[in-house]
Structures are given as structure tokens and as C-alpha cells.
Amino acid sequence: MRYVISYVSTATSKISSYDIAQLMDLIKTNNNKLNIIGILIYSDRNFFQILEGEKHLVKMIFNKIKKDARHYNIIKMLDKEIKTPTLRKYNPSFTVISDHYNQKELQQFLNKEKTNNPEHFDSISYLTKKFMKLT
Ligand SMILES: Cc1cc2nc3c(=O)[nH]c(=O)nc-3n(C[C@H](O)[C@H](O)[C@H](O)COP(=O)(O)O)c2cc1C
């Protein structure tokens, strides 16, 4: 069963932009290995993440994320099954964005998301754009 979890959180003040860049590289590699798709955006010391994939894997990763001391104030927004079947026409790569200006990456992610998760597309599109201050 495919599943989606999405949340926002705040980075601890100790974490540097170098640490964030390293964390993002690790996350992209880990998630791609597990066929987890979605996005992690870092903006103004806040994280916004969407994790989509096999239910047990998404839950397993989120359990680790919840316990991670590099962030706090985790507020979950989506925690539900995705009923639409996946159309694997695209390259299922996890997207990471760590500045406000990478609109191209965000657009590519949203294009894939429209096919991949049409049930939640409107809220995901709205939230990601707000988070990156594009609207
Ligand atoms: C904001 C945030 C998002 C994270 N997202 C992921 C993720 O999507 N996938 C992942 O494997 N680890 C993610 N991590 C890192 C995990 O919390 C954990 O450190 C990492 O999976 C290694 O865990 P392990 O040493 O138990 O294997 C994230 C950490 C933070 C602070």
C-alpha cells in the first residue's frame, strides 16, 4: 500500500548550513534506495517534508525523523494512504531544496506529483509554494 506523510518542523539553532547540505545528500541517497519519493525543503530554519512510498517504509523513516535531535516542533499535516496507482513514467527521485530560489526543482517535483499523488496535489502545491514564499 502506498502511503504519504508530510510535516513541518524547525531546525535546532546548532545546525549549520553545511550540516543541512550533508543531511540532504544522505536523505536523497537513503530515500532513493528505498524508492521513497517526495521532497524536503529547508527555508528560514524550517523544514517541510513529504514522504511517499510503501507504507511500512514511510512509517519506519518517519519514526527515525521524529526522534532526530536536529529539529523540533514537528507538526504533521498528511498521514494517509494514497489510493491512486503509481504511473512510473517519471524518474522517481527524491527532491531536496535548501534555498528559496530553486523554483525549477520545485516545478519539476510538482509536475511529477500531479501524476503520482493527484488526491493531495492541490494542498501539496499550495503548501510547498507558501513555504518557499512563491505566492
Ligand atoms: C528534517 C529531517 C528530515 C529527515 N528526513 C529523512 C529521510 O527522508 N530519510 C532518511 O533516511 N533520513 C532522514 N533524516 C535522518 C534520520 O533522522 C536519520 O538520522 C537517518 O535516517 C539515519 O538513521 P540510522 O542511523 O538509524 O540509519 C531526516 C532528518 C531530519 C532532521
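Everything here concerns the structure above.
Keep in mind that this is a model prediction, so the values were computed, not measured.

> I'd like to hear about the pairing of strand β1 (residues 2-11), residue by residue, with values.
Moving residue by residue along a regular strand, the side chains alternate between the two faces of the sheet. Taking burial as the measure, the ten residues of β1 include nine buried ones, the bulk of the element. Bridge count for β1 against strand β3 (residues 46-54) is nine bridges, and the pairing is antiparallel. Looking at the pairing, Ser6 lines up with Ile50 of β3. Sheet topology places β1 next to strand β4 (residues 71-81); eight bridges connect them, and they run antiparallel. Each bridged residue has a counterpart across the sheet, and for Val4 the counterpart in β4 is Lys80.

> Provide a residue-level description of the environment of Leu51, including the pertinent values.
For Leu51, the location among the structural elements is in strand β3. Here the alpha-carbon distance between Leu51 and Asp68, two residues 17 residues apart in the chain, equals 16 Å.

> Can you lay out the pattern of salt bridges for me, pointing to particular residues and giving the numbers?
By the definition in use, this model includes five salt bridges. Taking the shortest distance from any N to any O, the salt bridge between Asp44 and Lys133 comes out at 2.3 Å. With Asp44 in the loop between β2 (37-43) and β3 and Lys133 in the segment after α4 (121-131), this residue pair connects regions lying 89 residues apart in the sequence. Owing to a relative accessible area of 47%, Asp44 belongs among the partly exposed residues under this scheme. Look at the salt bridges and you will find they share partners, linking Lys59, Lys76 and Asp79 into a network.

> If you had to explain the site of the ligand to someone new, which residues and values would you point to?
The immediate surroundings of the ligand are formed by 14 residues, with Asn30, Asn31, Gln49, Asp68 and Arg70 found nearest. The separation between an oxygen atom of the ligand and a polar side-chain atom of Asn30 is 3.0 Å. Note that an oxygen atom of the ligand is positioned 3.0 Å from one of the side-chain N or O atoms of Arg70. When residues of the shell around the ligand are traced back to their parent elements, those giving at least two are α1 (17-33), β3 and α2 (55-67). The leading source of residues in the shell around the ligand is α1, at four residues. Looking at the shell around the ligand residue by residue, the class counts come to seven nonpolar, four polar and three charged.

Here is what the cut-offs are and how they apply
- Residues numbered from 1 in each chain as written.
- Predicted model: local features only at pLDDT ≥ 70, side-chain atom pairs only at ≥ 80, totals over all residues.
- Heavy atoms only, no water.
- Buried < 20%, exposed > 50% of the residue type's maximum accessible area, 1.4 Å probe, protein only.
- Helix = DSSP H or I, 4+ residues; strand = E, 2+ residues; numbered from the N terminus.
- Pairing = 2+ DSSP bridges.
- Salt bridge = Lys/Arg side-chain N within 4 Å of Asp/Glu carboxyl O.
- Near = heavy atom within 4 Å.
- Polar contact = N/O pair within 3.5 Å; in protein donor to acceptor, adjacent residues only side chain to side chain.
- Nonpolar A, V, L, I, M, F, W, Y, C, P; charged D, E, K, R; others polar.

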